[in-house]
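Tertiary structure, described
What follows is each chain in one-letter form.
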Amino acid sequence: MDRLCGSGELGSKFWDSNLSVYTNTPDLTPCFQNSLLAWIPCIYLWAALPCYLFYLRHHKLGYIVLSRLSRLKTALGVLLWCISWVDLFYSFHGLIHGSSPAPVFFITPLVVGITMLLATLLIQYERLRGVQSSGVLIIFWLLGVACAIIPFRSKILSAVAEGKISDPFRFTTFYIYFALLLSALILSCFKEKPPLFSPVDVDPNPCPESSAGFFSRLTFWWFTKLAILGYRRPLEERDLWSLSEEDCSHKVVQRLLEAWQKQKNQVSGPQAATDEQKVPSEDDVLLRAQPKSKKLSFLWALVRTFTSSLLMGACFKLIQDLLSFINPQLLSILIRFISDPTAPTWWGFLLAGLMFMSSMMQILILHQYFHCIFVMALRVRTAIIGVIYRKALVITNSAKRKSTVGEMVNLMSVDAQRFMDVSPFINLLWSVPLQVILAIYFLWQILGPSALAGVAVIILLIPLNGAVSIKMRTYQVQQMKFKDSRIKLMSEILNGIKVLKLYAWEPSFLGQVEGIRQGELQLLRKGAYLQAISTFIWVCTPFLVTLVTLGVYVCVDENNVLDAEKAFVSVSLFNILKNPLNMLPQLISGLTQAMLSL
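Residues numbered from 1 in each chain as written. Predicted model: local features only at pLDDT ≥ 70, side-chain atom pairs only at ≥ 80, totals over all residues. Heavy atoms only, no water.

1. Here's the deal with the side chain of Ser 324
The condition is simple: Only DSSP runs of H or I with at least four residues qualify as helices, and only runs of E with at least two residues qualify as strands; both kinds are numbered from the N terminus onward. Using a 1.4 Å probe on the protein chains alone, a residue whose accessible area is under 20% of its type maximum counts as buried, one over 50% counts as exposed, and one in between counts as partly exposed. Any pair of N or O atoms that falls within 3.5 Å is considered a polar contact. Within protein, one atom must be able to donate a hydrogen and the other to accept it, and sequence-neighbouring residues count only if both atoms are side-chain atoms. Whether two residues are in contact is decided by their heavy atoms, any of which lying within 4.5 Å being enough.
Relative to the helices and strands, Ser 324 resides in helix H13 (residues 307-324). On the accessibility criterion, Ser 324 (9% relative accessible area) is buried. There is a polar contact of 2.5 Å between the side chain of Ser 324 and the backbone oxygen of Asp 321. For Ser 324, the residues in contact, after removing those within four places along its chain, are Gln 362 and Ile 576.

Structural data, given as structure tokens:
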């Protein structure tokens, strides 16, 4: 990187610790400001572009008429592109006249100019696809403004210190660029009008989420109006919004049916077509290997239907998990800063600000994850109920003898609900191991091999919890059998209630129902005891792991001193482990019930 700034006015240094870290008035080198700092928004936009274009291609909501807001956004994008090219031509002008500017003065305006042209084209493409508020571009403009604030301050301080402006042309173009960038950010916060031919105009009480802007979605501001109304008076049915199009049953059920039909075609279609076209000879029959029979999987159909929601939820969860490990590292640096009296004061303010920003980002992303995953869970339940209901309408008479109405209702009410209950925990299958591995890695950096004592406690408790879950699964299988037999018996009683009343058989049948129910209650009681034992074990696990790890660390060597940094950072890392380990029993229980329902 030093070669980019090796000649001209910037000198040869990309990074200078004495200028940026070990001083009471920190600043970044001009080389750093004009290279990496200016490239960060460009790198973000080009990295997000493929996924965003794929999303826009598959989500067309109509097109938006070219409004004043859209014209202003486009004009600002064109002006920013022009400013970048003016800087580039000025560098070439200096090169022609023998001033030999640094290579960074050619590369950065070129990269920024192409990126600004891309952002301008993206504004118009979003308009044609019906996007009212673009989160991708808002983040791009926000990053651009945030990265330009440092040069904004640096140029003013430099001019005041030197008493003159060293490069008036670039000084002027930068502040014009900053003003345009800030204007583009402000304009991007305003949403466009609804696209043409959209259902918003037809619906009397549409859900505001579908037309909400980026910041409104991020902070759930679109829900505020209903919350205030509910605070003032009890909500009524007419106050509730209509379902958004993506959540309606006719959309969700159709998607699951299409995925199920596609799977059926993949399993039976190619083989059947080959058998019809070719009549095999005797040698073929004897020598050919038998094809493996593929089985239909309803679970795979569900996964294919809700792949996008699962991936989006997984991305949110991954970012949130990684952010949760930033605060312990910042806490460690903060404790070291407090114990060092020679450290500059601004370090403490910077660390406190970073901890606050990290926590805020973690909260925002976590609640976006919860919103995404709970909406997906609701759609899963809707799709399962709809598919079972449609199947129940076309079922044959022979199948009706095997499956009673009570069993079908049980599938739609109980089993579909179990899928909804387990969906929010499904990402814990990979999130818990990831958090455990990261926590152990950071604990190893602090406590060394003593961290393995805590790992040993976790490993020893896993088989115990596994045995409990296997026993719970057995009880739930028996409970399902009791439930099915009870529903069948109740269905028969209700169908023949006249005969029961005529012959006074009520006590006999009441005894049979109560006998089944007693067996069911006994299994429920045993399952509740096991659930309590499992939960107690995992609630105690973080405390036991902390106690054993720190105890081993102190006892294993006399030189091991448990100071403030090691104690607080270790406890914060163990606290991160607390939530996933506490959720693990619910995940195991939910998966067990969902597999039975499947």
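2. Thoughts on the packing of helix H3 (residues 36-58) against helix H6 (residues 135-162)
The condition that has to hold: Every axis in this analysis is a line fitted to C-alpha atoms, fitted for helices over the stretch in contact. Angles between the N-to-C directions lie between 0 and 180 degrees. Under this scheme an angle from 65 to 115 degrees is roughly perpendicular, one under 35 degrees roughly parallel, and one over 145 degrees roughly antiparallel; angles in between are oblique. Under the scheme applied here, ten amino acids are nonpolar (Ala, Val, Leu, Ile, Met, Phe, Trp, Tyr, Cys and Pro), four are charged (Asp, Glu, Lys and Arg), and all others, including Gly, are polar.
With their axes 8 Å apart at the nearest point, H3 and H6 run at an angle of 170° to one another. Considering the angle they form, H3 stands roughly antiparallel to H6. Note on element contacts: H6 touches H3 through Gly 135, Val 136, Leu 137, Ile 139, Phe 140, Leu 143, Gly 144, Cys 147, Ile 150 and Pro 151, opposite Leu 37, Ile 40, Pro 41, Cys 42, Tyr 44, Leu 45, Ala 48 and Tyr 52. Of the residues in the contact of H3 with H6, the class split is 16 nonpolar, two polar and no charged.

3. Details of the side chain of Gln 124
As for its placement among the helices and strands, Gln 124 is situated in helix H5 (residues 104-129). Polar side-chain contacts of Gln 124 include one of 2.9 Å to the side chain of Arg 127. Here Gln 124 is in contact with Leu 66, Ser 70 and Thr 74, once residues within four sequence places are set aside.

4. Points about the confidence of the model for the chain
Here is the rule we go by: The score called pLDDT rates the predictor's confidence residue by residue, from a low of 0 to a high of 100.
Confidence in the prediction for the chain averages 84 pLDDT; 93% of positions are at 70 or higher. Contacts for the low-pLDDT stretch residues 272-277, under 50 throughout, to residues beyond four places or in other chains number zero contacts.

5. A look at unusual backbone geometry
We note that Phe 220 has phi near 60°; this positive angle belongs to a residue other than glycine. Among the structural elements, Phe 220 can be located in the loop between helix H8 (214-219) and helix H9 (224-232).

6. Focus: helix H7 (residues 168-188)
To keep things clear, this is the line we draw: To estimate how far a helix should extend, the number of its residues minus one is multiplied by 1.5 Å.
Taking 1.5 Å as the rise per residue, H7 with 21 residues should run 30 Å; its terminal C-alpha atoms sit 30 Å apart, in good agreement. When H7 is considered as a whole, its buried residues turn out to be Arg 170, Thr 173, Phe 174, Tyr 175, Tyr 177, Phe 178, Leu 180, Leu 181, Ala 184, Leu 185, Leu 187 and Ser 188. Where the residues of H7 are buried, they touch helix H4 (68-96), H5 and H6.

7. Structural notes on a nonpolar patch on the surface
Rules: Each patch is built from residues lacking any salt bridge and having more than 30% relative accessible area; the joining distance is 9 Å for like charges and 5 Å for nonpolar side chains (Val, Leu, Ile, Met, Phe, Trp, Tyr). Using a 1.4 Å probe, accessible areas were evaluated by the Shrake-Rupley method; residue-level cover was limited to the displayed protein chains. One speaks of a salt bridge when a side-chain nitrogen belonging to Lys or Arg is within 4 Å of a carboxyl oxygen belonging to Asp or Glu.
A grouping of Tyr 63, Val 65, Leu 128 and Leu 196 is seen on the molecular surface, where their side chains present a nonpolar patch of about 330 Å² in accessible area. By the secondary structure assignment, Leu 196 is in the loop between H7 and H8.

8. Notes on the pattern of salt bridges
One pass over the structure, following the stated rule, counts 10 salt bridges. Between Arg 233 and Asp 239 there is a salt bridge, with the nearest N and O atoms lying 2.8 Å from each other. Judged by relative accessible area, which is 28%, Arg 233 ranks as partly exposed. Glu 236 is the salt-bridge partner of Arg 238, the closest N and O atoms lying 2.9 Å from each other. Among the residues examined, Arg 238 registers a relative accessible area of 61% and is labelled exposed. A relative accessible area of 38% places Glu 236 in the partly exposed class. One connected set of salt bridges, linked through shared partners, spans Arg 486, Arg 517 and Glu 520.

9. Some details on the environment of Leu 489
For Leu 489, the location among the structural elements is in helix H19 (residues 451-495). Setting aside chain neighbours within four positions, we find Leu 489 in contact with Phe 509, Gln 512, Val 513 and Ile 516.

10. A few points about the packing of aromatic side chains
We apply this condition: For Phe, Tyr and Trp, rings pair up if their centres lie within 6.5 Å, where Trp contributes its six-membered ring, and each pair is then called stacked (planes under 30 degrees apart), edge-to-face (over 60) or tilted (otherwise).
This structure, assessed with the given rule, holds 25 aromatic pairs. On the basis of an interplanar angle of 70° and a centroid distance of 6.3 Å, the ring pair of Trp 81 and Trp 85 is categorised as edge-to-face. Of this pair, Trp 81 and Trp 85 both sit in helix H4, separated by four residues, roughly a single helical turn. Residue classification places Trp 81 among the partly exposed residues on the basis of a relative accessible area of 30%. Among the residues examined, Trp 85 registers a relative accessible area of 22% and is labelled partly exposed. Judged by centre distance (6.0 Å) and plane angle (70°), the ring pair of Trp 260 and Phe 298 falls under edge-to-face. In this pair, Trp 260 is assigned in helix H10 (residues 249-277) and Phe 298 in helix H12 (residues 298-305), connecting sequence segments 38 residues apart. When its relative accessible area of 25% is taken as the criterion, Trp 260 is described as partly exposed.

11. Re the state of the cysteines
Inclusion rule: Throughout, a disulfide means two cysteine sulfur atoms within 2.5 Å of one another.
Scanning the model with the defined rule gives zero disulfides in all. Cys 315 provides the cysteine sulfur closest to Cys 372, a residue in no disulfide bond, and the two sulfurs are 9.4 Å apart. Looking at Cys 372, the relative accessible area reads 13%, which means it is buried.

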